[in-house]
Amino acid sequence: MKDLSIYIIFVTGLLFLLGCEDQLNVEPTLSISDEAALTSEDNIKKLLIGTYEIDGSRNSHGGYVQIFSELLGSDEQVSWNGTFTEPREALTKTMLANNFIIGAVWNNMYRVISQSNLVLDHLTLISDDDERSRIEGEARFLRALNYFELVRLFGNTTKGVPVRLQSISDFGGDLKIARSSTAEVYAAIQEDITKAVSLLPDENEFYADKYAALALQARVNLYLGKYTEARDAAHLVISNTNKALSASFAKAFNQDENGVEDIYTMQVTSQSGENQLIQMYASEENGGRGGDISINQAYLDIFDDPNDERAHFFYENEKGDLLTGKYTNQFGNVPVFRLAEMILIRAECNMRLNTTIGNQPLDDVNVLRQRAGAAVLNSIDIQDILSERQRELAFEGLAIYDIKRTQSSVAGLPYNSPKLVLPIPQAEIDANSLMEQNEGY
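Residues numbered from 1 in each chain as written. Predicted model: local features only at pLDDT ≥ 70, side-chain atom pairs only at ≥ 80, totals over all residues. Heavy atoms only, no water.

S.K.: Can you walk me through the confidence of the model for the protein chain in this structure?
M.R.: Any segment with low pLDDT has predicted coordinates that should not be analysed in fine detail. Mean pLDDT over the protein chain stands at 91; residues scoring 70 or higher make up 91%. Predicted confidence is poor over residues 1–34, with pLDDT under 50, and the contacts of this stretch with residues over four places away or in other chains come to 99 contacts. (pLDDT = per-residue confidence, 0-100. Contact = heavy atoms within 4.5 Å.)

S.K.: Please explain the packing of aromatic side chains as it appears in this structure.
M.R.: What the rule picks out here adds up to 18 aromatic pairs. For the ring pair Phe 249 and Phe 253, a centre distance of 5.1 Å and an interplane angle of 65° mean the geometry is edge-to-face. A relative accessible area of 2% means that Phe 249 is categorised as buried. According to the relative accessible area criterion, Phe 253 is buried, its value standing at 3%. The structure contains a cluster of three or more aromatic residues connected by ring pairs, namely Tyr 281, Tyr 299, Phe 303, Phe 314, Tyr 327 and Phe 395. If you follow Arg 152 out to its NZ or CZ, it ends over the ring of Phe 148, 3.7 Å from the centre. In this structure, Arg 289 is placed above the aromatic ring of Phe 84, and the distance from its NZ or CZ to the ring centre is 4.1 Å. (Phe/Tyr/Trp six-rings, centres within 6.5 Å; stacked < 30°, edge-to-face > 60°. Buried < 20%, exposed > 50% of the residue type's maximum accessible area, 1.4 Å probe, protein only. Lys NZ or Arg CZ within 6 Å of the ring centre and 35° of its normal.)

S.K.: Sorry if this is basic, but what is going on with the nonpolar core here?
M.R.: Side chains of a nonpolar character, in soluble globular proteins, are inclined to be buried together. One finds Phe 141, Phe 154, Ile 189, Tyr 264, Phe 337 and Met 342 to be the most contacted residues of the largest nonpolar core, which totals 114 residues. Excluding anything up to four places from it in sequence, Phe 337 contacts Phe 141, Leu 145, Ala 212, Ala 215, Leu 216, Arg 219, Glu 261, Asp 262, Ile 263, Tyr 264 and Met 342. (Core = buried A, V, L, I, M, F, W, Y, C linked by side-chain atoms within 4.5 Å.)

S.K.: Would you take a moment to explain helix α7 (residues 182–199) for this structure?
M.R.: An α-helix turns once per 3.6 residues; consequently, residues spaced three or four apart project the same way. In a regular helix each residue adds 1.5 Å, so 18 residues correspond to 26 Å; α7 covers 26 Å between its end C-alpha atoms and thus fits that length. What α7 keeps buried is the set Thr 182, Val 185, Tyr 186, Ala 188, Ile 189, Gln 190, Asp 192, Ile 193, Ala 196 and Val 197. Looking at the buried residues of α7, the elements they touch are α6 (129–154) and α8 (210–224). (Helix = DSSP H or I, 4+ residues; strand = E, 2+ residues; numbered from the N terminus. Expected span 1.5 Å × (residues − 1).)

S.K.: Whenever I open this one, the pairing of strand β2 (residues 262–266) confuses me. Can you help?
M.R.: A regular strand carries its side chains on alternate faces of the sheet. The element β2 is largely enclosed, with a buried count of five among its five residues. Across four bridges, β2 lies against strand β6 (residues 334–338) in antiparallel orientation. Residue pairing in the sheet places Thr 265 in a bridge with Pro 335 of β6. (Pairing = 2+ DSSP bridges.)

S.K.: Which parts of the structure should I look at to understand the pattern of salt bridges?
M.R.: Between side chains of opposite charge, pairing is possible as soon as their charged atoms come close. Inspection of the entire model under this criterion finds 36 salt bridges. Note that Lys 45 is salt-bridged to Glu 41, the shortest N-O span being 3.4 Å. Here Lys 45 pairs with Glu 41, and both are found in helix α2 (residues 41–55), just four residues apart, close to one helical turn. One salt bridge in this structure joins Arg 338 and Glu 392, with 3.1 Å as the shortest N-O distance. Placement of Arg 338 in strand β6 and of Glu 392 in helix α14 (residues 382–393) is noted, with a sequence separation of 54 residues between them. Residues joined by salt bridges that share partners form a network here, namely Glu 261, Asp 304, Asp 308, Arg 310, Lys 326, Arg 338, Arg 369, Arg 371, Glu 388, Arg 391, Glu 392 and Glu 396. (Salt bridge = Lys/Arg side-chain N within 4 Å of Asp/Glu carboxyl O.)

S.K.: Quick question: what am I supposed to make of the environment of Pro 335 here?
M.R.: On the secondary structure map, Pro 335 appears in strand β6. Measuring from C-alpha to C-alpha, the distance between Pro 335 and Ile 189 comes to 21 Å, with 146 residues separating the pair along the chain. If we ignore the near neighbours within four places in the chain, the residues touching Pro 335 are Ala 252, Asp 262, Tyr 264 and Thr 265.

S.K.: Please explain unusual backbone geometry as it appears in this structure.
M.R.: Note: most residues except glycine have negative phi, and most peptide bonds are trans. We note that Asn 354 has phi near 60°; this positive angle belongs to a residue other than glycine. Position of Asn 354 relative to the elements: it lies in the loop between α12 (339–353) and α13 (361–372). You will see that Phe 395, though not glycine, has its phi angle at about 70°, which is positive. In this structure, Phe 395 sits in the loop between α14 and α15 (399–405). With relative accessibility at 5%, the residue Phe 395 sits in the buried group.

S.K.: Is there a simple way to explain the packing of α2 against helix α5 (residues 100–120) in this structure?
M.R.: The packing of two helices is summarised by the inter-axis angle and the distance between the axes. With their axes 9 Å apart at the nearest point, α2 and α5 run at an angle of 165° to one another. For the element pair α2 / α5, the angle class is roughly antiparallel. The crossing of α2 and α5 is left-handed. Counted together, Ile 44, Leu 47, Leu 48, Gly 50, Thr 51, Ile 54 and Asp 55 of α2 and Asn 108, Arg 111, Val 112, Gln 115, Ser 116, Leu 118 and Val 119 of α5 form the full contact between these two elements. Class assignment of the residues belonging to the contact of α2 with α5 gives a composition of seven nonpolar, five polar and two charged. (Axes fitted to C-alpha atoms, helices over the stretch in contact; angles between N-to-C directions. Parallel < 35°, antiparallel > 145°, perpendicular 65-115°, else oblique. Left-handed = near helix turned anticlockwise from the far one by under 90°. Nonpolar A, V, L, I, M, F, W, Y, C, P; charged D, E, K, R; others polar.)

S.K.: For this particular structure, what's the right way to read α5?
M.R.: Across its 21 residues, α5 extends 30 Å between first and last C-alpha, which sits within 8% of the 30 Å expected from 1.5 Å per residue. Most of α5 sits inside the fold, with 20 of its 21 residues counted as buried.

S.K.: Is there a simple way to explain the environment of Phe 337 in this structure?
M.R.: Along the chain, the position of Phe 337 falls in strand β6. Taking the C-alpha atoms as reference points, Phe 337 and Asn 275, separated by 62 residues in sequence, lie 16 Å from one another.

Quick look at the structure:
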């Protein structure tokens, strides 16, 4: 990544000129106070880089998006030891509408969407056709990724989140907007992903490329139960990208640069990017708060082989709490899409569809087990694959989503319980008379 930091001074200045965050508006966005900032090709390109920076902050994919998914999707598998009450509310399923972290997550993801809209609305400033396509593809990828997180965290089967696909030019006008239906949100997400796949290059340094968009497509369609589409997208990533499983499970994490398994990561340096996962999961020695989130025996019990490296990928802090080894490098990049997830998506979809596109489901699962040193299986069913997802992908921000899509339960709550949906932030309700609160808040 690491030349991203050269843009930070510019982006910070640009955001100061454009930023307006006096309240949690319907779509927290940028107030155009300097028209020159949006009339330069170079500035539009740097505005896009600034959008990655915002998405990599602690209030988005730099930490809290993944942390809240994991805490919502956990019961006895983890404990919250920290002093902050806001994450504890997610673990105990007692969230409040004034939870400031939830408000910051909502606000930050809409900032990413807002800046993506600005980039997309000024594509005519990009003179080179290939550059224009790449920039459009990246902006659409970022917008789709953030709407996907928003609708899964704050939406239910029918009520989604507000969708705005154009930038705001008149901040003196009426900015109120109602929630779109869940179906409408997913239609916008799918359209953005499809276009991103067609526009993005096969390689794009540490920014989103075609295979990052395909990985997002696979994840979205798996969540929606569109198994053919999810399988095919995952297979394209596995078979066409130059990515490979890391030599060991441990080598898939805590990397300063993108690893061989990384399809897309949030970039972190000593100058830019945030890794809130370190703060919440790591010991003080490893740059964290000491182990706010610790691992319990209930999680260890899901392992079926004592030789499985993943069953021992933990360490103790000074209090004797067990902490995950996935987050021990405070400047390590944050994986968003790994090849291992694509292999598991292909395996699950092939199993559900009774197909063998790319590989037998059993063989795909065993590839990951062999990498971890676990004994290979002779046969599998859907539950075996879901258990393998827990072993492989734990603490990476997928827990509550797997519970919801498989219609399972957590902490005695069914998958469709209102307590497993984040509240719309109270500041948003207060600022927008068209906004409707989620049930139970």
